[in-house]
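Observations on chain architecture
Residue-level listing of the chains:
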Amino acid sequence: MSPFSYVMTHPIYFSVNRKTISRAIWIGVFVAFLPIPMQMLVAVMLALVARVNIPLAAIGVWVTNPLTMVPLFYLAYRLGAAMLQMPIEPWPADFSFSSFSQDMGGIWKAMLYGGIVLGLSLATTSYFVVNLIWRISIAYRYRERKENRRIQLRKIKRTMAPAETNKKTTTN
């Protein structure tokens, strides 16, 4: 664990601020759409290079989990095939891992191209959505804090007002 001690103790890799969170989400979602093995490892390595929140980049990869992987990668394949003007291969009736690995030679370019396009578009969208949500929450908290200060000032003025009227009546 010695080579990773710097990473484990450096606060930037676990910090929670708008920039590190939104960039980590971007990395995780982008890598999620790449049809490659060990996506979490790739996301962690990119997070290290980009100096963003490592756990969130690794969690972002789970957009393509075992339940959503096949439909999302099929969508990436269809998109890539359409963009590359390739004929779309029909879905095999007896789908298995061995048939998929045999057919991968003809569809990997379309799947990779579609995955990159989908990954870029959805990662960028998620980046802006996270930024927007963060900014809205900051604005809401600012307004709430400002309103609380206004209420506290009113309470202070109310408690001060009777004391001032008592001073005026005693001096007259």
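Higher on the page you've got the structure.
A brief look at the structure comes next. No experiment lies behind these values; they were computed from the predicted model shown.

Here we take up the nonpolar core. The biggest cluster of nonpolar side chains holds 22 residues, and the ones touching the most others in it are Ile27, Val31 and Phe33. Of all elements in the fold, only helix H2 (18-32), helix H3 (39-50), helix H4 (54-60), helix H5 (69-83) and helix H6 (97-171) reach the threshold of two or more residues within this core. Ranked by residues supplied to this core, first place goes to H2 with eight residues. Ignoring anything within four residues of it in the chain, the contact list for isoleucine 27 reads Ala43, Leu46, Ala47, Ala50, Val52 and Ala57.

By the definition in use, this model includes three aromatic pairs. Measuring from ring centre to ring centre gives 6.2 Å for tyrosine 74 and tyrosine 77, while their planes differ by 40°; the resulting arrangement is tilted. Of this pair, tyrosine 74 and tyrosine 77 are both found in helix H5, three residues apart, which corresponds to roughly one turn of the helix. For tyrosine 74, a relative accessible area of 25% puts it in the partly exposed group. The exposure class assigned to tyrosine 77 is buried, which follows from its relative accessible area of 4%. On the numbers, 5.3 Å between centres and 80° between planes, the contact of tyrosine 127 with phenylalanine 128 is edge-to-face.

With 15 residues, H5 ought to run about 21 Å at 1.5 Å a step, and its terminal C-alpha atoms sit 21 Å apart, in line with that. Taken as a whole, H5 has its buried residues at Leu72, Phe73, Ala76, Tyr77, Gly80 and Ala81. Note on H5: the residue one or two positions beyond its end, glutamine 85, has a positive phi of about 55°.

For the rest of this paragraph, the subject is a nonpolar patch on the surface. A surface patch of nonpolar side chains, amounting to about 320 Å² of accessible area, comprises Met38, Leu41 and Met45. Tracing the sequence through the fold places methionine 38 in the loop between H2 and H3.

What the rule picks out here adds up to one salt bridge. A salt bridge links glutamate 147 to arginine 150; the shortest N-O distance between them is 2.8 Å. With glutamate 147 and arginine 150 both in helix H6 and three residues apart, the pair spans about one turn of that helix. Under the relative-accessibility criterion, glutamate 147 is labelled partly exposed at 33%.

Turning next to the environment of isoleucine 36. Structurally, the position occupied by isoleucine 36 is in the loop between H2 and H3. In this structure isoleucine 36 comes out as partly exposed when scored by relative accessible area, which is 33%. Between the C-alpha atom of isoleucine 36 and that of leucine 112, which follows or precedes it by 76 residues, the distance is 8.8 Å.

Further remarks concern the side chain of asparagine 53. Looking at where asparagine 53 falls in the secondary structure, it is placed in the loop between H3 and H4. According to the relative accessible area criterion, asparagine 53 is buried, its value standing at 7%. Polar contacts involving the side chain of asparagine 53 include one to the main-chain amide nitrogen of leucine 56, which spans 3.1 Å.

Conventions and cut-offs
- Residues numbered from 1 in each chain as written.
- Predicted model: local features only at pLDDT ≥ 70, side-chain atom pairs only at ≥ 80, totals over all residues.
- Heavy atoms only, no water.
- Core = buried A, V, L, I, M, F, W, Y, C linked by side-chain atoms within 4.5 Å.
- Buried < 20%, exposed > 50% of the residue type's maximum accessible area, 1.4 Å probe, protein only.
- Helix = DSSP H or I, 4+ residues; strand = E, 2+ residues; numbered from the N terminus.
- Contact = heavy atoms within 4.5 Å.
- Phe/Tyr/Trp six-rings, centres within 6.5 Å; stacked < 30°, edge-to-face > 60°.
- Expected span 1.5 Å × (residues − 1).
- Patch = residues over 30% accessible without salt bridge, like charges linked within 9 Å, V, L, I, M, F, W, Y side chains within 5 Å.
- Areas by Shrake-Rupley, 256 points an atom, 1.4 Å probe, with all protein chains shown as cover.
- Salt bridge = Lys/Arg side-chain N within 4 Å of Asp/Glu carboxyl O.
- Polar contact = N/O pair within 3.5 Å; in protein donor to acceptor, adjacent residues only side chain to side chain.

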